Amino acid sequence: MRLHSTSAAIGAADDLYTQQWLQPANRKNGFASKHRLLHLRSADRCLLAYRPHSLHPPPTTIGKRELRHDSQEATGRQVQLLFPSHPFDKSAADDAYVDEFEAARAIGIGCHLFSFEDFQAGDFKPRPALRAHEHVLYRGWMLSPESFSVLHDAISTRGGFPMTTTAQYRLCHYLPSWYPLCVEFTPSTVVVPRDADFATAVAGKNWSKFFVKDYVKSLTTAQGSSASSPEEIATVVSLIERFRGAVEGGVCIREFERLVPETEERYFVLNGKAYSREGAAPPLVDTISKRIDSPFYSVDAVLAEDGRLRLIELGDGQVSDRKRWPAARFISMLAEGQQQVFAARRKKQDAANIGRFGL
Ligand SMILES: Nc1ncnc2c1ncn2[C@@H]1O[C@H](COP(=O)(O)OP(=O)(O)OP(=O)(O)O)[C@@H](O)[C@H]1O
Ligand SMILES: [Mg+2]
């Protein structure tokens with residue numbers, strides 16, 4: 001994964017902020033954006049590591065005319081993608097999204113860029129400006145449901161239609177929201193507040209080990225997120241807090257299951273249809289798709305040693321990594337999913353007309 005290989009490359013950068021910067025979760029949560037300038041001052045090698053285009057040719061940028069052209073080409077039927085812009089160049093997509101941005105433009109999907117840093121400071125200014133009645137799919141850093149709600153309202157007040165509601169975002173983003181709907185497919189979980197007595201919370205559970213995360217992320221540092229005794233859970237929680245800055249929501253203590261290494265796969269469900277990186281998605285993903293009321297989310301499934309396919313987590317599709325999905329495959333899924341929605345709407349409209357006019 002990009003961030004892991006980068007962390008190996010910069011090795012020597014070891015101050016606390018740099019460690020936090022290396023946490024994929026923090027980059028996804030916008031932590032990196034907030035602290036980017038600090039990093040640039042304190043660790044030049046981070047700059048080289050995280051801005052690969054400073055060593056290679058610059059990313060594709062789009063001029064004002066092109067941006068306007070993109071928007072004008074949008075038929076109003078097609079979803080428009082909204083990406084975070086590069087922190088130092090508002091006409092270019094952030095490095096993390098440049099492949100998707102280019103793949104989308106290559107097949108004629110309209111794209112908007114906005115400065116994530118400005119948005120966090122209360123200023124939302126997409127380029128080109130959103131037009132009324134546009135359907136907007138955000139693809140960017142993870143947001144808390146509260147921040148997502150601000151983004152949702154900012155799109156709505158400009159006349160756009162955000163793809164998901166805040167409730168749908170929360171449903172897939174927060175483990176305790178989707179867990180009760182998928183309980184038999186995923187490791188058993190106890191959800192407690194940050195200040196709970198964790199050992200008491202798992203007393204009586206016959207679990208040999210524990211997997212600890214907050215509502216969104218686990219500990220992705222070398223020591224990992226597992227605890228081999230109830231007493232160790234507090235240590236993992238403290239480390240999550242230290243490396244991520246805060247525990248989001250509360251603490252999820254999960255039964256540790258024996259999983260087959262390298263078998264985890266990410267699937268997406270778009271408008272009720274399960275998509276796989278290659279081939280068909282397994283029946284488990286289809287089953288989940290009938291339970292989760294959200295237009296776009298990811299499903300991580302892994303093979304357990306006992307032969308069952310297990311659900312590890314759901315995520316809102318707008319803020320999910322592609323993992324091993326090539327950008328072009330991911331974007332063609334979005335295009336196909338959208339066409340199906342509009343085809344279904346047209347069919348419904350035709351049926352209504354036949355009923356009304358007796359055609
Ligand atoms: N209950 C569990 N038992 C054993 N291993 C687990 C368990 N839950 C998660 N894991 C392992 O830890 C990895 C990370 O877990 P999870 O996806 O929940 O956290 P995350 O922070 O979202 O990580 P990522 O960003 O890699 O998706 C999983 O890919 C899986 O291999
Ligand atoms: Mg995960």
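Everything here concerns the structure above.
Just so we're clear, the structure is a prediction, and the values are computed from it rather than from any experiment.

Draft legend 1. Up close: the overall build of the chain. A count of helices and strands for the chain gives 15 helices and 13 strands. Across the 359 residues in the chain, those meeting the buried criterion constitute 51%. Long-range pairs, those at least 24 residues apart, make up 70% of the contacts in the chain between residues at least 6 apart in sequence. Summed over its atoms, the accessible surface of the chain is roughly 16600 Å², and 54% of this surface lies on carbon and sulfur atoms.

Draft legend 2. How the structure looks around the packing of helix α9 (residues 145–157) against helix α10 (residues 166–173). Their axes nearest at 9 Å, the elements α9 and α10 cross at an angle of 150 degrees. The orientation of α9 relative to α10 falls into the category roughly antiparallel. Crossing geometry of α9 relative to α10 is assigned as right-handed. In this structure, α9 uses P145, E146, F148, S149 and H152 to contact α10, whose residues at the interface are T166, Y169, R170 and H173. Considering only residue class, the contact of α9 with α10 consists of three nonpolar, four polar and two charged.

Draft legend 3. The arrangement of the environment of A103 in detail. Locating A103 in the fold gives a position in helix α7 (residues 98–106). Residues A103 and R329, 226 residues apart in the sequence, show an inter-C-alpha distance of 8.9 Å. Setting aside its immediate chain neighbours within four residues, A103 contacts A327, A328 and I331.

Draft legend 4. Representation of the sheet that holds strand β7 (residues 210–214). Spatial ordering of the open sheet is given by β6-β9-β7-β8, a layout of four strands whose pairing is antiparallel. The open sheet has two free edges, formed respectively by β6 (189–192) and β8 (226–227), since each of these has just one partner strand. In the sheet, β7 pairs with strand β9 (residues 251–255) via five bridges, with the strands oriented antiparallel. Directly across from F211, in β9, lies its bridge partner R254. Here helix α13 (residues 233–244) sits on the sheet in contact with β7, β8 and β9, set at roughly 30 degrees to β7.

Draft legend 5. The site of ligand 1, seen in detail. Every one of the 15 residues lining ligand 1 counts as a neighbour, but K213, K217, S218, E264 and E313 are closest to it. Contact between ligand 1 and K217: an oxygen atom at 2.3 Å from a side-chain N or O atom of the residue. In the environment of ligand 1, an oxygen atom lies 3.3 Å from a nitrogen or oxygen atom belonging to the side chain of K323. Here ligand 1, which alone exposes 600 Å², has 83% of that area covered by the protein. A majority-of-atoms criterion places ligand 1 in the largest pocket. Sorting the residues of the shell around ligand 1 by element identifies β7, β9 and β13 (309–316) as the ones contributing at least two each. Residues belonging to the shell around ligand 1 are distributed by class as follows: five nonpolar, one polar and nine charged. Counting contributing residues per domain, the shell around ligand 1 is built from domain 3 (188–255) and domain 4 (265–339), each supplying no fewer than three.

Draft legend 6. Looking closely at the sheet that holds strand β12 (residues 296–303). Spatially, four strands are ordered β11-β10-β12-β13 in an open sheet, and the strand pairing comes out antiparallel. If you trace the sheet from one side to the other, it starts and ends with β11 (273–275) and β13, each paired once. Ignoring strand direction, the axes of neighbouring strands in this sheet form an average angle of 30 degrees. As paired strands, β12 and β13 are joined by seven bridges and run antiparallel to one another. Paired with L303 across the strands is L309, a residue of β13.

Draft legend 7. Spotlight on the environment of E262. Here E262 lies in the loop between β9 and β10 (265–270). When the C-alpha positions of E262 and V302 are compared, they lie 8.4 Å apart, and in sequence the two are 40 residues distant.

Draft legend 8. Representation of the pattern of salt bridges in the model. Throughout the structure, instances matching the rule amount to 17 salt bridges. Put simply, K90 and D118 hold a salt bridge, and the shortest N to O gap is 2.8 Å. Within this pair, whereas K90 is found in strand β2 (residues 89–93), its partner D118 is found in helix α8 (residues 116–120), the two being separated by 28 residues in sequence. For K90, a relative accessible area of 43% gives the class partly exposed. Here D118 falls in the partly exposed class, since its relative accessible area comes to 26%. With a closest N to O distance of 3.6 Å, R131 and E134 form a salt bridge.

Reading the values: rules and limits
- Residues numbered from 1 in each chain as written.
- Chains lettered and ligands numbered in written order.
- Predicted model: local features only at pLDDT ≥ 70, side-chain atom pairs only at ≥ 80, totals over all residues.
- Heavy atoms only, no water.
- Helix = DSSP H or I, 4+ residues; strand = E, 2+ residues; numbered from the N terminus.
- Buried < 20%, exposed > 50% of the residue type's maximum accessible area, 1.4 Å probe, protein only.
- Contact = heavy atoms within 4.5 Å.
- Areas by Shrake-Rupley, 256 points an atom, 1.4 Å probe, with all protein chains shown as cover.
- Axes fitted to C-alpha atoms, helices over the stretch in contact; angles between N-to-C directions.
- Parallel < 35°, antiparallel > 145°, perpendicular 65-115°, else oblique.
- Left-handed = near helix turned anticlockwise from the far one by under 90°.
- Nonpolar A, V, L, I, M, F, W, Y, C, P; charged D, E, K, R; others polar.
- Pairing = 2+ DSSP bridges.
- Near = heavy atom within 4 Å.
- Polar contact = N/O pair within 3.5 Å; in protein donor to acceptor, adjacent residues only side chain to side chain.
- 1 Å grid on protein atoms, 1.4 Å probe; cavity = no way out; pocket = protein on both sides within 12 Å on 5 of 7 lines; lining within 4 Å.
- Sits in = over half its atoms within 2 Å of the grid points.
- Domains from an automatic or database assignment.
- Salt bridge = Lys/Arg side-chain N within 4 Å of Asp/Glu carboxyl O.

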